[in-house]
Every structure is written in C-alpha cells, then in structure tokens.
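Descriptive structure summary
In case you want the letters, here they are:
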Amino acid sequence: MSESSYGRLRIQMNKAFDIGVESLSRSGGAENGGLVPNHPSVQTGHNVHPSKFDASGRINVADGVVSGVVAAPGRSFGDTAKGGTFFLETFGCQMNDHDSEKVAGLLLSRGYRQVETPEAARMILYNTCSIREKAAQKVFSRLGEYRERGADKIIGVLGCVAQQEGQDIFKRAPWVSLVCGSASYRKLPEMLAELEAGNKRVTGLDNDTDETFETEITRRDNPWRAYLTIIEGCDKACAYCVVPHTRGPERSRGSESILREVRQLTELGYSEVQLLGQTVNSYVDPTARGMKFSDLLLEVAQVAGIRRVRFTTSHPRDFGADIVEAIDREPKLCDHIHLPVQSGSTKVLRAMARTYTREDYLEKIALIRGAKRPISITTDIIVGFPGETDADFEETLSMLDEAQYDGVFGFKYSPRPNTPSLALNDPIPEEVKGQRLAMIQEKQRVIQTARNLAMLGQELDVFVSNKSRRENQWSGHTTSNRVISFSSQERELLGSYVRVKVTDSGTGSLVGAHVLEITTGEWGG
Ligand code: 5AD
Ligand code: SF4
C-alpha cells in the first residue's frame, strides 16, 4: 500500500466503524442463539454511513472509501425540489449491503446528498430482504410509519420485497412511489428522473436481465473490507428459497471488470476484498477468457496490494477440489468457507431440492479438511422444513458432530411466496421448530467452545479494524474470519496486520496479545 493511500485509510479509521462485518464470533442474534449473528442474511437495518461526504454533501473521493470514477453530476436532482436528500436503510444480506453501497454511489454521483435520519430526507429508501417472513414484515412496519407523515417525501422500496410484492406494495402502502427489484437497479437513473418529474408510481420489476449491476461509483461503508459482487441471482431453485424469484437468474460478471475494480480498490487503500454471490462458486466468466472461479480467486490474489481474499456463499454442488487447491497454493486466499448444508438428512435435502446427499456434502467437508492448512467452515441450517421428522433432525445434529463447524447459522423454516415448498404448507409447529433450533445452538455452542479452546497458544495473523474504548485494547479478524480482541502497547494499529497470540477463548470469541508486528512482506494474513 502506498504511503498516501495508507494515509487516506487512516483518515477513514478515525471515523465511525459502524457496520456489521460478517464474523464468526459476535454475540447476539435471536435466531441463532448468539453464535454467529452477522450472517449474510441476518443483518438487520443499518444506515449507510454518511461520514464519507464533505460538508457540502459532495462525495469525498480522497478518503479511501469510494471506488470508481465520480461521474460529473449531470442534471443535479440535488438542486431541485426540497434539497435532494436521501436516507437509505438496508436489511438482509451482504449482497444487499453492497447493492446499497452502489445505489448510494449512484445517487451521490447525481448530486443527491445522504442524510442520517429519515426525517431529514426528501427521499427515503429501504433496501429490503424477504428471505424469511419476519424480515419482510419489518419493512412494512417501517413503511407504516409514513402513512401520515410521508406526504412530502418520496418513499421507495428496493430489493427483494420490492421484487416479491411488486405493484401490491402500492396497494398496501399507497404513499410509496418507487418499487424496484435488484435486477432493475441499472435503470435507477431513469426511474429517479421520473420521480423527480413528479411521477408517483415508478416501478422496476424485470428480473429477466442478463446484465449485472455495475455503477461508475460505489460508496463503500466498510473502510477495511471491500465487497465486490461477482455473480448475481441464483439458478439453484431450492424449494424454500425466494432468491431465484427476487434476484433473478445467475449472471456472472466479466473477469476483466472484476480485476479492474480490485485494482482500483487497492489504489484506494483496501487490502482485503470479499467476492460476493448467492452461489459465488458457480461463477463462470462470461468473457473470452472463460475463467473458472478458482482461477479468478488466484488472479484476484495476484493484484498488487491485495493481502486477503474472501468469498461467500459457496454452494456444495459446485464446490470442487480446485478451490481447496487454490487456497493451498495461495496464502492470500483466506481460510474460511461458508458452505450451507441446510439439513443433515438426505431425505430432507431431496425435498429441499438441494441437489446433493448427506454423503456428497461430507465428501466436500473431507476435501476441505484435507487442505494443507486448517480451513474454518461455517454453515446454514434450516429446522422444521415440512416433513422433517425427529429422526431427520437427529441427522442434522450428527452432521454438526461430523463437520465440526466453526459457526452455524440456524433458521426456523419460514414459508415464502413464489417458492415450491409453499405448497407443502408449514406442518411443523412453531414450538417444535423452536426446540430444534435451541438444540442446534446448544450442540454448536459446545463444539465451538472446544474448537476455540484448541486455539489457545496459537499465533494468528490479525487485520486490525477496531480500537476499543479500553486502553491498549484492539480487535480485528483472523483469516478464518474469527474476531479476536487483543492487547497491545502500540499507539496506532488500525488498518495494519499484526501477529496475535491467543491467550483466552469463549464460544464466540478469542482474546490475545500482540506478539509481533509485521510491516512488510507478502504473507497471506
Ligand atoms: N426459511 C428459513 N430459512 C431460509 N433460508 C433461506 N430461505 C429460508 C426460508 N424460507 C436460509 C438458508 C439460507 C440462508 C441465507 O437463509 O439457510 O442459506
Ligand atoms: Fe436460495 Fe438455494 Fe440459491 Fe442459496 S442456492 S440463494 S438457498 S435458491
């Protein structure tokens, strides 16, 4: 990293680090028993942090969080109407977080100014999640707040609820004037123009696009880890899942465009990138280069300035030995794989249309466990899928023993519109689902505590991203995506890679002490 870009990152460090980074160890989260709450799909609403704008509300490109070229603000809507201010709240997964970063970038490039409260905004946007019913309900309760107060505001619903509910949103909340699914974001400039022209019902609901959503600028929230979408949509058609409906078919982004963005990110000071996709490892380069996912991982790692490459979420069907071989070859590829199993029972997996059996999945686990260095594995589990018997559930519990996960995200089955399993109704009582979830959490708590305990005395490479209020206390992520708090006498560590010895451990956390600061070198972190 060049001195100047490091300096820029430092400026950013002093600003609030307010967003949830997916971690293996933060506590909280009702549905997963506090083990691993910051799952791609369980983050709850947070504001896109506005600290990256200068006083005039213009985007500040020099502070290391904006990628791409700032477009000349053409026709500036920001100068029209009542100030051109917007408030954007995001629900759901990292894909949504990242879409919001792109939407914010697009709005800023057109002269809008981002504000921190809905009250201060002329335009209120909710980027929504509909993976489970509760998430979708949250959006309608937010919208309800504007029944009376929304008259002088433009209210927009973006993302999965928009795609799922479509025009019905106007019926349920007539004060909404924009409904736009994620596959239509590239048409947002036209939709904004229509809104500003006074149109009260603007929609973008196509999901048959073969284009991905790329913007000239992306206003990134996380100063340490840059998200990059490499594949959008999903073709897997799991019986319970709304994503194929809400995000449309799989579209991979060209490898050159991905690598270009990675190079831009390093120029801005980023050394860690996380490649995103609902099924990230189903990536197939649509350009003449025809790169497969593992080749892309290796090329991203080659970009000068990159020290850590992460990727999420992997689908077991497309998970092959080549990915493990790439991780073996390239230390910059992080040793963490999120590999949702959903159920340990082949019968339930079949009903879920997951396209693999318990044995197939365990073969993938064996591949990962055969790697030259230990790789953390995390997973998602759905309990109470229609037809799941006690015996099926026992198989899910035994899967935890066999796979020895470092983190488990457990969910109660929630029937969703436009999904095949909706027709199966929801026969398993809420109470049984609750008991099964609690059993998963308890078993995983024991496994995870033991796995963390086994790390005592190990020295880990940590990317420091947080300074505690307590003196000499810092925290950051290991390459396996564990959060570790540690003590150090150093005065400034944010944004640096340090070596930390583990001195204590719990179910969801590690504690350590700084042993040696590495300032140069190309080790993988
Ligand atoms: N009910 C419960 N959990 C679900 N997930 C996806 N759809 C549903 C549903 N209808 C979970 C899966 C997926 C994670 C992102 O959310 O475990 O991997
Ligand atoms: Fe949903 Fe299955 Fe696609 Fe994952 S792979 S996004 S669970 S349909």
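For the structure, check the block above.
Attention here is on the structure that accompanies the text.

What counts and what doesn't
Residues numbered from 1 in each chain as written. Chains lettered and ligands numbered in written order. Predicted model: local features only at pLDDT ≥ 70, side-chain atom pairs only at ≥ 80, totals over all residues. Heavy atoms only, no water. Helix = DSSP H or I, 4+ residues; strand = E, 2+ residues; numbered from the N terminus. Buried < 20%, exposed > 50% of the residue type's maximum accessible area, 1.4 Å probe, protein only. Contact = heavy atoms within 4.5 Å. Areas by Shrake-Rupley, 256 points an atom, 1.4 Å probe, with all protein chains shown as cover. Near = heavy atom within 4 Å. Polar contact = N/O pair within 3.5 Å; in protein donor to acceptor, adjacent residues only side chain to side chain. Nonpolar A, V, L, I, M, F, W, Y, C, P; charged D, E, K, R; others polar. Pairing = 2+ DSSP bridges. Axes fitted to C-alpha atoms, helices over the stretch in contact; angles between N-to-C directions. Phe/Tyr/Trp six-rings, centres within 6.5 Å; stacked < 30°, edge-to-face > 60°. Lys NZ or Arg CZ within 6 Å of the ring centre and 35° of its normal. Salt bridge = Lys/Arg side-chain N within 4 Å of Asp/Glu carboxyl O.

Considering the overall build of the protein chain
Within the protein chain, the regular secondary structure consists of 14 helices and 22 strands. Looking at the protein chain as a whole, 61% of its 525 residues qualify as buried. For the protein chain, contacts bridging at least 24 residues in sequence account for 74% of all contacts bridging at least 6. Carbon together with sulfur atoms contributes 50% to the accessible area of the protein chain, which is approximately 19,700 Å² in total.

Examining the site of ligand 1
Around ligand 1 there are 13 residues in total, and Arg-132, Tyr-240, Gln-342, Asp-380 and Ser-414 lie nearest to it. Tyr-240 has a polar backbone atom sitting 3.0 Å from a nitrogen atom of ligand 1. In this structure, a nitrogen atom belonging to ligand 1 sits 2.8 Å away from a main-chain N or O atom of Ser-414. For ligand 1, the protein covers 92% of the area, taking 400 Å² as the surface of the free molecule. At the level of secondary structure, the elements contributing two or more residues to the shell around ligand 1 comprise β16 (376-383) and β17 (407-412). Its residues assigned to classes, the shell around ligand 1 comprises five nonpolar, four polar and four charged.

Regarding the sheet that holds strand β13 (residues 272-276)
Read across the open sheet, the three strands follow the order β10-β13-β14; overall the sheet is parallel. Taken across any chain shown, the strands that pair with only one partner, and hence form the sheet edges, are β10 (225-229) and β14 (308-312). For this sheet, the mean inter-axis angle between neighbouring strands, taken without regard to orientation, is 25°. Helix α8 (residues 255-267) rests against β10 and β13 of the sheet, and its axis sits at about 165° to β10.

Let's talk about the site of ligand 2
Taken together, Cys-234, Lys-236, Ala-237, Cys-238, Tyr-240, Cys-241, Val-243, Pro-244, Gln-278, Thr-279, His-315 and Arg-354 form the complete shell of residues around ligand 2. Counted by class, the shell around ligand 2 contains seven nonpolar, three polar and two charged residues.

Comments concerning the packing of aromatic side chains
In this structure the tally under the stated criterion is nine aromatic pairs. Aromatic pair Tyr-356 and Tyr-361: ring centres 5.9 Å apart, planes at 35°, arrangement tilted. Of the two residues, Tyr-356 and Tyr-361, both sit in the buried class. Connected via pairs of aromatic rings, a cluster forms that spans Trp-224, Phe-463 and Tyr-497. Above the plane of the ring of Phe-411 lies Arg-132, whose end atom (NZ or CZ) is 3.8 Å from the centre. Sitting over the face of the ring of Tyr-497, Arg-307 holds its NZ or CZ atom 4.1 Å from the ring centroid.

Here we look at the pattern of salt bridges
Under the definition given, this model contains 35 salt bridges. Residue Glu-261 is joined to Arg-220 by a salt bridge in which the shortest nitrogen-to-oxygen separation is 2.7 Å. Of this pair, Glu-261 sits in helix α8 while Arg-220 sits in the loop between β9 (217-219) and β10; the two residues are 41 residues apart in sequence, bridging distant segments of the chain. A salt bridge links Lys-292 to Asp-322; the shortest N-O distance between them is 3.7 Å. With Lys-292 in the loop between β13 and α9 (293-302) and Asp-322 in helix α10 (residues 321-329), the pair connects residues that are 30 residues apart, well separated along the chain. What makes Asp-322 partly exposed here is its relative accessible area of 24%. One network of salt bridges, in which partners are shared, links Glu-214, Arg-220, Arg-253 and Glu-261.

With respect to the side chain of Asp-392
Examined against the element boundaries, Asp-392 turns out to sit in helix α13 (residues 390-403). Of the polar contacts made by the side chain of Asp-392, one reaches the side chain of Lys-347; its length is 2.7 Å. Once you skip the residues sitting within four places of it in the chain, Asp-392 turns out to touch Ser-345, Lys-347, Val-348 and Gly-387.

It is worth stressing that arrangement in space is one thing and function is another; only the former is reported here.
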